[in-house]
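As a plain string of letters, each chain reads:
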Amino acid sequence: MKKGKLGMLLVSTLLLGACASNTTDKTDSTSSKEESLEIVTTFYPMYDFTKNIVGDEANVELLIPAGTEAHDYEPSAKDIANIQQADAFVYNNENMEMWVPSLEESLKDGDVNVIKATEGMLLLPGSEDDHDHDHGHGEERHSHELDPHVWISPYRAIQEVESIRDQLIAAYPDKKEAFTTNAEKYLTKLSTLDESYQEAFEQAKQKSFVTQHAAFGYLALDYGLTQVSIAGLSPDEEPSPARLAELKEFVDEHGVKYIYFEENANDAIARTLADEAKVDLEVLNPLEGLTKEAIDNGEDYVSVMEQNLVALRKTTDTENPKEETAKAEKEKTVYNGYFEDNDVKDRPLSDWSGEWQSVYPLLEDGSLDQVFDYKAKLDPSQTKEEYKEYYTVGYQTDVKEITITDDTMEFIFDDNSSEKATYRYAGKEILNYKAGNRGVRFLFEATDPDTKAFKYVQFSDHSISPTKAAHFHIYFGNDSQEALLEEVDNWPTYYRTDLSATEIAQEMLAH
């Protein structure tokens, strides 16, 4: 289905001319395939997911070919013209396809329905990728602010398919029945795949697996495994003798039998590692691309993920007495509550200046439910329901907003009434917790003893010296500072008012 409107191809002046030579007016082609949508997708999983949803209702095009590094791909002028000529454009998220945000406005102007597969989904914090990428200006480490590899977990692939389906239905409601029916068939396959992963790893004899590419964080999280990534292990560059020696030591120390490489790992490198480090090499396919030959042979997302499951079970079905040595310990950082007394410095009220919103209403309306789901998987000592109950007690408050200046605080309540007072700094207190970490409360007192605002206030924000707060926990009351220091169960929490519910939830995951 071609549209009659031809949008602006590029904001960039450099590419405007190049795009013009590759563009044809959509009006000229409206007569052909009038009822068939034209959809462009970025890399293979987006293509496969979308194709299974739309069936015969659309022609689906794969933008990024197999063998192209999806992380570093930059669209050509011709590629952008093709996207502009499409009815819809499907991508994973801006942490994978980093070039998409710069084009979104022009895509909207071109009347292209932009569909983000991870819309509404919270992402894990990113980490430095384990291999180098050449961007044309020397070698650089590739990193993500947030981990984009959602599709590698069947549990989250289901969510992406549902998201793509719902957005396509919203854009093309006349095709709702076809999209719903097609998606349901595919979701049944994905649910079966998800169940096979759950069953395989429920009784795993060891939970840790060692990868060359840290792309399997969601898979590990959702199925109770631990991904151990070996920094500096490249699929394209043969390791130096020194690096081989380090790797052999790592293998011996942690009882590693298998190291998982990407599909495109260099055979010579694999043989070198296997011979020198005395370890077997197995393939885990991150599914960033499938060759035309593989697709022609019937390979698809489900079949490749089944192969990944077989490969992973070579590790998880065998015991490893040294497994615990490979697990990373919690970093003893200031944020996590590890510091010396003399590192703690006085802080002014201006560190918390600004307009702040309580997160308690977000907990009540379900905006934070994904956070609790993540927490339960990261630390299964509690269920997501138990985590939610714990944070319900912690966040509960009738103070919905707080406005803070260099020396005043105004508290706005649920009934829209407010109380304001001037405050002075009253010192700091270091608290020692049973877990071995520590916290600091910064104390303030109202200067007017007859104020109707809270007389005593304490801040805790994981910082121990002057710095602007990104969020904070607050304790307030009218009895005494000592009484507030005894409070450890209720800690109303505030983020800036210009943040959306999704942005706040994503911030919570990052910490």
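Analysis parameters
Residues numbered from 1 in each chain as written. Predicted model: local features only at pLDDT ≥ 70, side-chain atom pairs only at ≥ 80, totals over all residues. Heavy atoms only, no water. Helix = DSSP H or I, 4+ residues; strand = E, 2+ residues; numbered from the N terminus. Buried < 20%, exposed > 50% of the residue type's maximum accessible area, 1.4 Å probe, protein only. Contact = heavy atoms within 4.5 Å. Areas by Shrake-Rupley, 256 points an atom, 1.4 Å probe, with all protein chains shown as cover. Pairing = 2+ DSSP bridges. Axes fitted to C-alpha atoms, helices over the stretch in contact; angles between N-to-C directions. Right-handed = clockwise from strand over helix to strand, strands pointing away. Salt bridge = Lys/Arg side-chain N within 4 Å of Asp/Glu carboxyl O. pLDDT = per-residue confidence, 0-100. Phe/Tyr/Trp six-rings, centres within 6.5 Å; stacked < 30°, edge-to-face > 60°. Lys NZ or Arg CZ within 6 Å of the ring centre and 35° of its normal. Expected span 1.5 Å × (residues − 1).

Participant: Honestly, the overall build of the chain in this entry has me stumped. Any pointers?
Facilitator: Assigned secondary structure in the chain consists of 16 helices and 18 strands. Relative to its 511 residues, the chain shows a buried fraction of 49%. In the chain, the share of contacts with a sequence separation of at least 24, taken over all contacts with a separation of at least 6, comes to 64%. Summed over its atoms, the accessible surface of the chain is roughly 24300 Å², and 46% of this surface lies on carbon and sulfur atoms.

Participant: Looking at this structure, how should I read the sheet that holds strand β15 (residues 438–446)?
Facilitator: Adjacent strands of a sheet form backbone hydrogen bonds with each other and so pair up, either parallel or antiparallel. Sheet architecture is closed into a barrel: eight strands sit in the order β11-β12-β13-β14-β15-β16-β17-β18, paired in antiparallel fashion. Across this sheet, the average inter-strand angle for adjacent strands is 35 degrees, counted without regard to direction.

Participant: Just to check I follow, could you spell out the pairing of strand β4 (residues 113–116) for this structure?
Facilitator: When a strand is regular, its side chains alternate between the sheet's two faces. Where strand β3 (residues 88–91) lies against β4, four bridges are found, and the strand directions are parallel. From the neighbouring strand, Val-90 faces β4, where its bridge partner is Ile-115. Of the crossover connections in this fold, the one passing from β3 over helix α4 (residues 104–109) to the parallel β4 is right-handed.

Participant: Quick question: what am I supposed to make of the pattern of salt bridges here?
Facilitator: Enumeration over the complete set of coordinates arrives at 16 salt bridges. Here Glu-282 makes a salt bridge to Lys-314, at a shortest N to O gap of 2.7 Å. Of this pair, Glu-282 sits in strand β10 (residues 280–283) while Lys-314 sits in helix α11 (residues 301–316), and the two are 32 residues apart along the sequence. Glu-282 sits in the buried class, given a relative accessible area of 18%.

Participant: Where do I start with the confidence of the model for the chain in this structure?
Facilitator: The predicted structure's coordinates, where accompanied by low pLDDT, should not be read in detail. In this model, the chain carries a mean pLDDT of 87, and residues with pLDDT of at least 70 account for 87%. Contacts from residues 3–33, a stretch scored under 50 in pLDDT, to residues over four places away or in other chains number 55 contacts. Contacts from residues 129–143, a stretch scored under 50 in pLDDT, to residues over four places away or in other chains number 45 contacts.

Participant: Please clarify how the packing of aromatic side chains should be interpreted in this entry.
Facilitator: The relative placement of two aromatic rings is captured by the distance of their centres and the angle of their planes. Evaluation of the coordinates by the stated rule reveals 28 aromatic pairs. Seen in terms of ring centroids, Tyr-390 and Trp-491 are 5.5 Å apart; in terms of plane orientation they differ by 55 degrees. Their pairing is tilted. With a gap of 101 residues between them, Tyr-390 in helix α14 (residues 384–395) and Trp-491 in the loop between α15 (481–485) and β18 (493–496) connect regions that are remote in the sequence. We classify Tyr-390 as partly exposed; its relative accessible area is 43%. Linked through ring pairs, Trp-352, Trp-356, Tyr-425, Phe-442, Phe-444, Phe-459, Phe-472 and Tyr-494 together constitute an aromatic cluster. Taking the ring centre of Tyr-155 as reference, the NZ or CZ of Lys-377 above it sits at 3.6 Å. In this structure, Arg-441 is placed above the aromatic ring of Tyr-475, and the distance from its NZ or CZ to the ring centre is 3.5 Å.

Participant: What is the right way to look at the environment of Gly-67 in this model?
Facilitator: The residue Gly-67 is located in the loop between β2 (58–62) and α3 (77–85) in this model. Sequence separation between Gly-67 and Gly-289 is 222 residues; the distance between their C-alpha atoms is 6.8 Å.

Participant: Any chance you could explain α14 here in plain terms?
Facilitator: Turn by turn, an α-helix covers 3.6 residues, leaving residues three or four places apart pointing in a common direction. Between its first and last C-alpha, α14 extends 16 Å over twelve residues, near the 16 Å set by a 1.5 Å rise per residue. Summarising the contacts, the buried residues of α14 are in contact with α12 (360–364), α13 (369–378), β18 and α16 (501–510).

Participant: What am I meant to see in the sheet that holds strand β9 (residues 258–261) here?
Facilitator: With parallel pairing, the four strands of this open sheet are ordered in space as β8-β7-β9-β10. Every interior strand has two partners, whereas the edge strands, β8 (226–229) and β10, have only one. Across the sheet, the axes of successive neighbouring strands diverge by a mean angle of 40 degrees, strand direction being ignored. The pairing of β9 with β10 spans four bridges and is classified as parallel. Along β10, the bridge assignment pairs Phe-261 with Val-283. Each of β7 (208–211), β9 and β10 is contacted by α11, which is oriented at about 155 degrees to β9, the strand it contacts most.

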